[in-house]
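# Structural features, examined
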Amino acid sequence: MDSPVLLENFAHLNPVQFLLLSILLLLSLPASAHIGSPNVFFDGMAGSNRITVSITPPLVVPGLASINVRVPNSAKAAVSVLPVRWDAGTKGAPPPDPALLVKGTSNLYSAQLWLMNSGAYSVFVNVETDQGKGTAVVPLNSIAQTRQPMPPWMGTLFLTVGAILVLLLIAIVGGAVRESTLAPTALPAPPQLLRSRLAMTIATILITLVLLVGKRWWDTVDSHFRNNRLFQTGVLKASVTPGATPELEIAIEAKSWKQDATPLVPEHGKLMHLFLVHREDAKAFAHLHPLQTREHHFRATLPPLPSGDYHLYADITQESGFAQTLTGMVSIAHSPSAPVTFSDEDDSFHFTATSQEEKLLRLELPQKEYRRNEQTNLLFTVHDRAGNRVLLQPYMGMYGHAIIRRHDGAVFTHLHPLGTVSMKSQELFARREKNPRLFQNPADLICGKPDEDLSFPYAFPETGEYHIWLQTRFHNQIHTERFTVQVR
């Protein structure tokens, strides 16, 4: 959106409201559907052009999203980007903004877009090269996730300036009452001095009342922001029903729907993708797909996991295209005593082996170490015990899934070869535009190929130790391996 349009949106604000809104914009932090991983990555096709897209969401709403588009196989391209809100569509959006070539590069284009409302958005990336033209849909959530306190220096500055202005206003009132009717050389008499002091006292009381009303108004605005616009990670309540085949009972708390109340839709054919990670050492891992028993309640057969406390992460997608990750905890007291028949054929679990046996899945490090906020590709090869490459089979619409978690759980991301975006959100936006071309990409183009390496675009948002679980299917079985990397 161009800056004149932005000014028109703020034109109705008086100076005080504009100042307070500006402060709010400065004090908020970025948001994300994934836990602690705000940036959006996409590696796919725009028509016949392969592109990679990274989006840094805005600090607040309204706010600016930074978008980088790389067109690696073309020396010259025309790139434009358009933010589209789920309930408005392209007809309710402004004209696309051109993405400009970054100086010193040959195929990297950059743009900034204003997101004016909260909710589910998609960025339509239009690319035209000598190979043709096309559009890619890159979903993202427009939300404000955290709020920081005002910096002490800013609070001191505002308090000092405000106190000076109040004192000057009281002095002006007293001077006007005391001397406005006097001759140029006359001195104020005692009655005039008394009236001046009385007027200054009344002015002080009135200004104090105005400030109290202003503080109450600001507290109301701040409370509304905290309770309605500030994104809070959805919460799961979970418990284990004991028995020969224990079952995991899951309920989504009501406040999880505060940001978006639209119904759930299946992603890869599942209403929920639930991940369990052992709290103590992350050596036990499960990827389940609970079945809905009633609205916002789910149940899954528990795999034979070791006892202990487990972190829960549940990925869900809603009808608007809004995708979020819910979190929770559950304690498992014992494993099933009988063979487990999973409630979903795509359920799986994994124990990290203590032996040094050869892994069937191998992580190829493109660099010696990873650095914070540095975009890279996680490259995996898959082979059998003899070292021969294997032919991968689709696993829920993908040839591979990567789950990334920092050792303390502060960062959690579910990755696909096409990036962090939700395929279901892409499909929903394409259907709303009644343009199926936007989603008719062959699976081998957006999900990799069964006989090639698996590559996942990502940038680690924080330093520390990370665990990566790679899941694939071959020989008609689901295979999972855990890798550990350090991020500086």
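About the cut-offs
- Residues numbered from 1 in each chain as written.
- Predicted model: local features only at pLDDT ≥ 70, side-chain atom pairs only at ≥ 80, totals over all residues.
- Heavy atoms only, no water.
- Helix = DSSP H or I, 4+ residues; strand = E, 2+ residues; numbered from the N terminus.
- Contact = heavy atoms within 4.5 Å.
- Areas by Shrake-Rupley, 256 points an atom, 1.4 Å probe, with all protein chains shown as cover.
- Pairing = 2+ DSSP bridges.
- Axes fitted to C-alpha atoms, helices over the stretch in contact; angles between N-to-C directions.
- Left-handed = near helix turned anticlockwise from the far one by under 90°.
- Nonpolar A, V, L, I, M, F, W, Y, C, P; charged D, E, K, R; others polar.
- Phe/Tyr/Trp six-rings, centres within 6.5 Å; stacked < 30°, edge-to-face > 60°.
- Buried < 20%, exposed > 50% of the residue type's maximum accessible area, 1.4 Å probe, protein only.
- Core = buried A, V, L, I, M, F, W, Y, C linked by side-chain atoms within 4.5 Å.
- Patch = residues over 30% accessible without salt bridge, like charges linked within 9 Å, V, L, I, M, F, W, Y side chains within 5 Å.
- Salt bridge = Lys/Arg side-chain N within 4 Å of Asp/Glu carboxyl O.

Check the secondary structure of the chain and you find six helices and 27 strands. Of the contacts made within the chain by residues no fewer than 6 positions apart, 68% connect residues no fewer than 24 positions apart. With an accessible surface of roughly 23900 Å², the chain has 57% of that area assigned to carbon and sulfur atoms.

In space, the three strands of this open sheet follow the order 21-22-25, with antiparallel pairing throughout. Edge positions in the open sheet fall to strand 21 (361–364) and strand 25 (454–458), since each of these has one partner strand only. Strand-to-strand twist of the sheet, defined as the mean angle between neighbouring strand axes without regard to direction, takes the value 25 degrees. Both strand 22 (residues 376–382) and strand 25 contribute to a ladder of five bridges, which runs antiparallel.

Looking now at the side chain of Ser54. Residue position: Ser54 is located in strand 3 (residues 49–56). If near-sequence neighbours (up to four positions away) are discounted, Ser54 is found in contact with Val40, Phe41, Ser66, Ile67, Asn68 and Gln375.

What follows covers the packing of helix 3 (residues 152–179) against helix 4 (residues 190–229). Two numbers describe how helix 3 lies on helix 4: the axes approach to 8 Å, and their chain directions differ by 145 degrees. The handedness of the crossing between helix 3 and helix 4 is right-handed. Where helix 3 abuts helix 4, its residues Val166, Leu169, Ile170, Val173, Gly174, Val177 and Arg178 lie against Gln192, Leu193, Arg195, Ser196, Ala199, Met200, Ala203, Thr204, Ile207 and Leu211. Considering only residue class, the contact of helix 3 with helix 4 consists of 11 nonpolar, four polar and two charged.

Turning our attention to the packing of aromatic side chains. Counted by the stated rule, this structure contains 13 aromatic pairs. Aromatic pair Phe285 and Trp469: ring centres 4.7 Å apart, planes at 15 degrees, arrangement stacked. Of the two residues, Phe285 is situated in strand 15 (residues 284–288) and Trp469 in strand 26 (residues 464–474); the sequence distance between them amounts to 184 residues. Summarising the burial analysis for this pair, Phe285 and Trp469 share the class buried.

With that settled, the discussion passes to the environment of Ala402. Relative to the assigned elements, Ala402 resides in strand 23 (residues 401–406). Along the sequence, Ala402 and Trp469 sit 67 residues apart, while their C-alpha atoms lie 5.6 Å from each other. Those residues within four positions of Ala402 in sequence are excluded, and the remaining contacts are Thr413, His414, Leu415, Phe456 and Trp469.

Before going further, it helps to spend a moment on the nonpolar core. The biggest cluster of nonpolar side chains holds 29 residues, and the ones touching the most others in it are Ile51, Val53, Ile55, Val69, Val79 and Val125. Residue assignment for this core shows that the elements contributing at least two residues are strand 2 (40–46), strand 3, strand 4 (63–70), strand 5 (78–85), strand 7 (108–115), strand 8 (119–129) and strand 9 (132–142). Once residues lying within four places of it in the same chain are set aside, the contact partners of Val125 are Ala46, Ile51, Val53, Val69, Val79, Ser80, Val81, Gly134, Thr135, Ala136 and Val138. Grouped together as the second largest cluster of nonpolar side chains are 27 residues, Tyr399, Ile404, Phe483 and Val485 included.

A separate point is the sheet that holds strand 17 (residues 297–301). Strand order in the open sheet formed by four strands is 11-12-17-16, and the pairing between neighbours is antiparallel. Each of the sheet's edge strands pairs with one partner strand only, and the pair in question is strand 11 (236–241) and strand 16 (291–294). Averaged over all neighbouring strand pairs, the angle between strand axes comes to 30 degrees, with direction disregarded. Of the pairings in the sheet, the one linking strand 12 (residues 247–252) to strand 17 comprises five bridges and is antiparallel in character. Bridge pairing in strand 17 places Ala251 opposite His297.

Here we take up a nonpolar patch on the surface. Together, Met150, Trp153, Leu157, Phe158, Val161, Ile164, Leu165 and Leu168 line one region of the surface with nonpolar side chains, adding up to about 770 Å² of accessible area. Mapped onto the elements of the fold, Val161 is located in helix 3. Taking the relative accessible area as the measure of exposure, Val161 reaches 40% and is therefore partly exposed.

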